[in-house]
Amino acid sequence: MTKVYPNAAPATATTMQQLLKLRPSNSALDAAAGQAVVLTVWKKSLLFNCNGFTVYDGKGNLVFRVDNYMSTSGSEIVLMDAAGKPLLTMRRRRLSLGDNWLVYDGETATNPEFSVKKHVSILNTKCLAHVAAGRNKNVMYEIEGSYAQRCCAVYDEKKRRVAEIKQKETVGGVAFGVDVFRLLVGPELDSSVAMAIVILLDQMFGSTRRFST
């Protein structure tokens, strides 16, 4: 039976107006704004005393949520839709070298959809992580840049940019900081997959403490 988590109240009108005011950008994905999905990611749960993420579309509608609860294992994170229905479950891979996660459809525990592994190499310092299909080692996507500065991109096997994480600024040029940023997703990549990648980058490279689940 699918678990549905409690509904969260939407952000206040003032907060949403501040979050959705953008400075124009020259990103390649911005240039294809007619096709790209532009999301505002807020590193904050709307539930009291929970760590997580809240994600809005360009109209201020809640799209995705992450609300993590009481366990302290830190080995499982659930990405939900606005109604609290689980979309993807991320589980830390046990007995593996490095930071390695398996991502499953809904709340299933078999046959992962894809895996995300932290890249560790002194030869390629631009690469942050790799995304592979299922448990395979064949890389589908590569993430490059700096997550700490909210400036990184997802590339497919043909080196096409399919998603991008960018800092978000108000029209007046005042930065929100690293807790509010933009996620641009091209038509080649599902936005829930892109958001799962963001969550796992935060686990691997975030400066604050990891989620408890």
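Preceding block: the structure.
Scope of this entry: the structure provided in the associated data block. (Residues numbered from 1 in each chain as written. Predicted model: local features only at pLDDT ≥ 70, side-chain atom pairs only at ≥ 80, totals over all residues. Heavy atoms only, no water.)

**Examining the overall build of the chain**
Alright, step 1. Each helix and strand counted, the chain has three helices and 12 strands in total.
Alright, step 2. Evaluated residue by residue, the chain yields a buried proportion of 46% over its 213 residues. (Helix = DSSP H or I, 4+ residues; strand = E, 2+ residues; numbered from the N terminus. Buried < 20%, exposed > 50% of the residue type's maximum accessible area, 1.4 Å probe, protein only.)

**As for the side chain of Ser192**
Alright, step 1. With respect to the element layout, Ser192 can be found in helix 3 (residues 191-205).
Alright, step 2. For Ser192, a relative accessible area of 13% corresponds to the buried category.
Alright, step 3. Looking at Ser192, its side chain comes within polar contact range of the side chain of Asp190, at 2.3 Å.
Alright, step 4. Among all residues touching Ser192, those that are not within four sequence positions of it are Phe64, Leu79 and Leu88. (Polar contact = N/O pair within 3.5 Å; in protein donor to acceptor, adjacent residues only side chain to side chain. Contact = heavy atoms within 4.5 Å.)

**Some details on the packing of aromatic side chains**
Alright, step 1. A complete count under the given rule lists one aromatic pair for this structure.
Alright, step 2. Over the ring of Tyr104 we find Arg91; its NZ or CZ atom is 4.9 Å from the centre of that ring.
Alright, step 3. Cation over ring: Arg150 sits above Tyr147, and NZ or CZ is 4.0 Å from the ring centre. (Phe/Tyr/Trp six-rings, centres within 6.5 Å; stacked < 30°, edge-to-face > 60°. Lys NZ or Arg CZ within 6 Å of the ring centre and 35° of its normal.)

**A look at the sheet that holds strand 8 (residues 127-133)**
Pairing between the strands of a sheet comes from backbone hydrogen bonds, and it takes one of two forms, parallel or antiparallel.
Alright, step 1. Here we have 12 strands rolled up into a closed barrel, ordered 1-2-3-4-5-6-7-8-9-10-11-12, and antiparallel in their pairing. Across this sheet, the average inter-strand angle for adjacent strands is 20 degrees, counted without regard to direction.
Alright, step 2. Relative to strand 6 (residues 100-105), strand 5 (residues 86-92) runs antiparallel, the two being bridged by five bridges. Following the sheet pairing, Leu88 is matched in strand 6 by Asp105. (Pairing = 2+ DSSP bridges. Axes fitted to C-alpha atoms, helices over the stretch in contact; angles between N-to-C directions.)

**Here we look at the nonpolar core**
In globular proteins that are soluble, nonpolar side chains generally tend to be buried together.
Alright, step 1. One finds Met90, Ile143, Tyr147, Leu183, Met195 and Leu201 to be the most contacted residues of the largest nonpolar core, which totals 39 residues.
Alright, step 2. Of all the elements, helix 3 adds the most residues to this core, at 10 residues.
Alright, step 3. Sequence-distant contacts of Leu183, that is, excluding residues within four places in its chain, are made with Val37, Val38, Leu39, Val41, Glu164, Ile165, Ala194, Met195 and Val198. (Core = buried A, V, L, I, M, F, W, Y, C linked by side-chain atoms within 4.5 Å.)

**Examining the pairing of strand 5**
Consecutive residues of a regular strand have side chains that alternate between opposite faces of the sheet.
Alright, step 1. Taken across its seven residues, strand 5 has five buried, putting it largely inside the fold.
Alright, step 2. When strand 4 (residues 76-81) meets strand 5, the two strands line up antiparallel, connected through five bridges. Paired with Val78 across the bridge in strand 5 is Thr89.
Alright, step 3. In this antiparallel pair of consecutive strands, strand 4 and strand 5, the connection spans four residues, and Gly84 shows a positive phi of 95 degrees.

**Quick look at the pattern of salt bridges**
Alright, step 1. Taken as a whole and assessed by the stated rule, the structure comprises nine salt bridges.
Alright, step 2. It is possible to trace a salt-bridge network through shared partners that takes in Lys43, Arg150 and Asp202. (Salt bridge = Lys/Arg side-chain N within 4 Å of Asp/Glu carboxyl O.)

**So, the pairing of strand 3 (residues 62-68)**
Alright, step 1. With five of its seven residues buried, strand 3 lies for the most part within the structure.
Alright, step 2. Alignment of strand 2 (residues 51-56) against strand 3, held across six bridges, turns out to be antiparallel. Within strand 3, the residue paired with Thr54 across the bridge is Arg65.
Alright, step 3. Connecting the antiparallel pair strand 2 and strand 3 is a turn made up of five residues, with Gly60 showing a positive phi of about 85 degrees.
Alright, step 4. Pairing between strand 3 and strand 4: two bridges, direction antiparallel.

**A few points about the state of the cysteines**
Alright, step 1. Within this structure, the stated rule accounts for zero disulfides.
Alright, step 2. Left without a disulfide partner, Cys151 is nearest to the cysteine sulfur of Cys152, which lies 7.1 Å away.
Alright, step 3. Overall, Cys151 belongs to the exposed group, its relative accessible area being 51%.
Alright, step 4. The exposure class assigned to Cys152 is buried, which follows from its relative accessible area of 5%. (Disulfide = S-S within 2.5 Å.)

**What about the environment of Leu87?**
Alright, step 1. Position of Leu87 among the secondary structure elements: in strand 5.
Alright, step 2. Using a relative accessible area of 24% as the deciding quantity, one classes Leu87 as partly exposed.
Alright, step 3. When the C-alpha atoms of Leu87 and Gly106 are compared, they prove to be 4.5 Å apart, with 19 residues separating the residues in sequence.
Alright, step 4. When neighbours within four sequence positions are excluded, Leu87 is seen to be in contact with Phe64, Leu79, Met80, Asp81, Tyr104, Asp105 and Gly106.

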